[in-house]
Structures are given as C-alpha cells and as structure tokens.
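# Examination of the molecular architecture
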Amino acid sequence: MIFVTADTHGEVERFDDKQLKKIKKGDTLVILGDFGFVWNDSEKEKKALARLAKKPYTILFIDGLGDSFEVLAKYPETVYCGAKSREIVKDKIYYICRGEVAEIENRKLLCFGGNDIYDPDIVESFDDPAAADFENCGANLEKHGNSVDYILTHIPSGRINRFINLDSHATSETMDFFDLVAKDVDYKKWYFGCLHLDKYISPKVQAVYLDVHALWQEEKKGFFSRNKG
C-alpha cells in the first residue's frame, strides 16, 4: 500500500503519530514536500534520518521550501522505481526528482516538488521549478501516454489555489504548468501539501497536511473515474 502525508518539517515526532502505525513493512510513505530532514547536513539531522530509516516502510519525498538542494546534491543519484532520485538512506529513504514518474505496486505516480508561489520579497529561493523541470515532466508524461494514476505535488494548480483562496491573486509558472497538466493528463486523484490544510477539494483533488491517506482507498470503493480533472 502507498500512503501520503505532507510538510513534516524535520519533526521526528510526526512519524510516531497513530495514523502511521498502520503502515507496514513493504508499504511506502510519500511526503508531499517540506520533508525537512535534508536541510543542513548536521549530526542531529543525520541521527534523525537514521531513526526514520528504522521504520518498517520506505519513505519517499518531493521537495518544498524546507528542503535544501545544496544538501540533496551530496547524496548519490539513482533510479527508484523508474524515477530519477537521490538515495538518502539505502533502500529506505529517497528524494524523487521533479517531473518523474515512479511506478510502485502497479500504480504510476507523477511526482513534482517545488514552490514558487511565495512573494520573493519575503522568501528568496534559488531552487524554484524551471523550464527544464517542466520539459522533463512533459517528456515523462508523453512516455506514459499522458496517463498516470496519481499526481503528487507540493503546491496546487493555479485553478485549485484560486478556488481555496478566493481573494488570492497569487500565480506562478509552476501553478500555470499544473493547470495544463490537470487539463491534458488522465489521472485518478491529485494530492498536494504546502497549504498546511487537510481538505477534501473534490473527488479528484485532496489537500494534505497532518492526515495520512491511503492512495487507492477510495479507488477500492469505486469513487474514481479515469476522466481528466
């Protein structure tokens, strides 16, 4: 089984939550950005990663503002379940690169981290998603016939962001790109973090923060169609 949660922000205690106790050996937990344990390469951070590596399940994560590309670059490049990644702890913890499609338990997961929706006067980032990330995503989607099972991102699409924040005029290249993905790609459900919000948006879209979701729990109940969102 594959589970998702979001924005753990380097808080080891989050992984002791009772919701995570149902995750067993052989399962996968995906953190939807702001993992927070790959930030300053300190001894404290390394001990925390070693502690997480003792969990019975595999941990995957995409990046948010709370993840350092400078530190990520120190970890070896690899391919995990068909997706370009960084191996943080062998066989236990992996960073999935932007725009990659991981195939796990016969499900295709489009993973795309990054956050470029904040005011640059407040938060300065040199790791915003760029044209190369969008091109990589497009190429991978084309390989899979523009059809995946789940889309996992840190920020929402522009359309969904405006729906949640009715008075928001925020925009970004990534949100605009995600609007195109939502229009052109066949998928079952889209999960995103970032907003520190656990909210059911629609049968096709779910905001995730503290809750833990089993990806195809609703699929088993027949809630999903294969129509584009």
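Scroll up a little and you will see the structure.
Residues numbered from 1 in each chain as written. Predicted model: local features only at pLDDT ≥ 70, side-chain atom pairs only at ≥ 80, totals over all residues. Heavy atoms only, no water.

Core analysis: the biggest nonpolar cluster contains 25 residues, and Phe 15, Phe 35, Phe 61, Ile 88 and Ile 93 have the highest contact counts within it. Contributions of two or more residues to this core are made by strand E2 (28-32), helix H1 (43-52), strand E3 (58-62), helix H2 (69-72) and strand E6 (93-96). Broken down by element, the residue count for this core peaks at three residues, all from H1. For Phe 35, the contacting residues outside a window of four places in its chain are Thr 8, His 9, Gly 10, Phe 15, Leu 49, Leu 52, Ile 59, Phe 61, Asp 67 and Ile 93. In this structure, Ile 117, Leu 141, Tyr 187 and Val 205 belong to the second largest nonpolar core, which totals 24 residues. (Core = buried A, V, L, I, M, F, W, Y, C linked by side-chain atoms within 4.5 Å. Buried < 20%, exposed > 50% of the residue type's maximum accessible area, 1.4 Å probe, protein only. Helix = DSSP H or I, 4+ residues; strand = E, 2+ residues; numbered from the N terminus. Contact = heavy atoms within 4.5 Å.)

A word on the sheet that holds strand E11 (residues 199-202). Taken in spatial order, the six strands of this open sheet run E7-E8-E9-E10-E12-E11, and their pairing is mixed. For this open sheet the edge positions go to strand E7 (100-104) and E11, each flanked by a neighbour on one side alone. Each neighbouring strand pair of the sheet contributes to a mean axis angle of 20°, computed without reference to strand direction. Where strand E10 (residues 189-192) meets strand E12 (residues 205-207), three bridges bridge the pair, whose relative direction is parallel. Residue pairing across strands places Tyr 191 opposite Gln 206, the latter belonging to E12. Strand contacts of helix H3 (residues 131-143): E7 and strand E8 (107-112), with the helix running at about 170° to E8, the strand carrying the most contacts. Across the sheet, helix H5 (residues 173-184) lies against E8, strand E9 (150-153) and E10, angled at about 160° from E8, the strand it touches most. (Pairing = 2+ DSSP bridges. Axes fitted to C-alpha atoms, helices over the stretch in contact; angles between N-to-C directions.)

Next up on the list: the sheet that holds strand E1 (residues 2-5). Here seven strands make up an open sheet; going across it, the order is E4-E5-E6-E3-E2-E1-E13 and the pairing mixed. The open sheet is flanked by strand E4 (77-80) and strand E13 (213-214), the only strands paired with a single partner. When E2 meets E3, the two strands line up parallel, connected through five bridges. Residue pairing for E3: Ile 31 is matched across the bridge by Phe 61.

What follows is about the state of the cysteines. Per the stated rule, a full pass over the model turns up zero disulfides. Summary of cysteine pairing: Cys 137 is not part of a disulfide, and the nearest cysteine sulfur, belonging to Cys 111, is at 9.9 Å. (Disulfide = S-S within 2.5 Å.)

It is worth spelling out the packing of aromatic side chains at this point. Inspection of the entire model under this criterion finds 14 aromatic pairs. For the ring pair Phe 35 and Phe 37, a centre distance of 4.9 Å and an interplane angle of 55° mean the geometry is tilted. The two residues Phe 35 and Phe 37 agree in class, both being buried. The interplanar angle of 20° and the centroid separation of 6.0 Å between the aromatic rings of Phe 112 and Phe 134 together place this pair among those described as stacked. One end of the pair, Phe 112, is in strand E8; the other, Phe 134, is in helix H3, with 22 residues separating them in the sequence. As far as the burial class goes, Phe 112 and Phe 134 line up, both buried. Linked through ring pairs, Phe 15, Phe 35, Phe 37, Phe 61, Phe 69 and Tyr 95 together constitute an aromatic cluster. Just above the ring of Tyr 187 sits the side chain of Lys 204; from NZ or CZ to the centre is 4.1 Å. (Phe/Tyr/Trp six-rings, centres within 6.5 Å; stacked < 30°, edge-to-face > 60°. Lys NZ or Arg CZ within 6 Å of the ring centre and 35° of its normal.)

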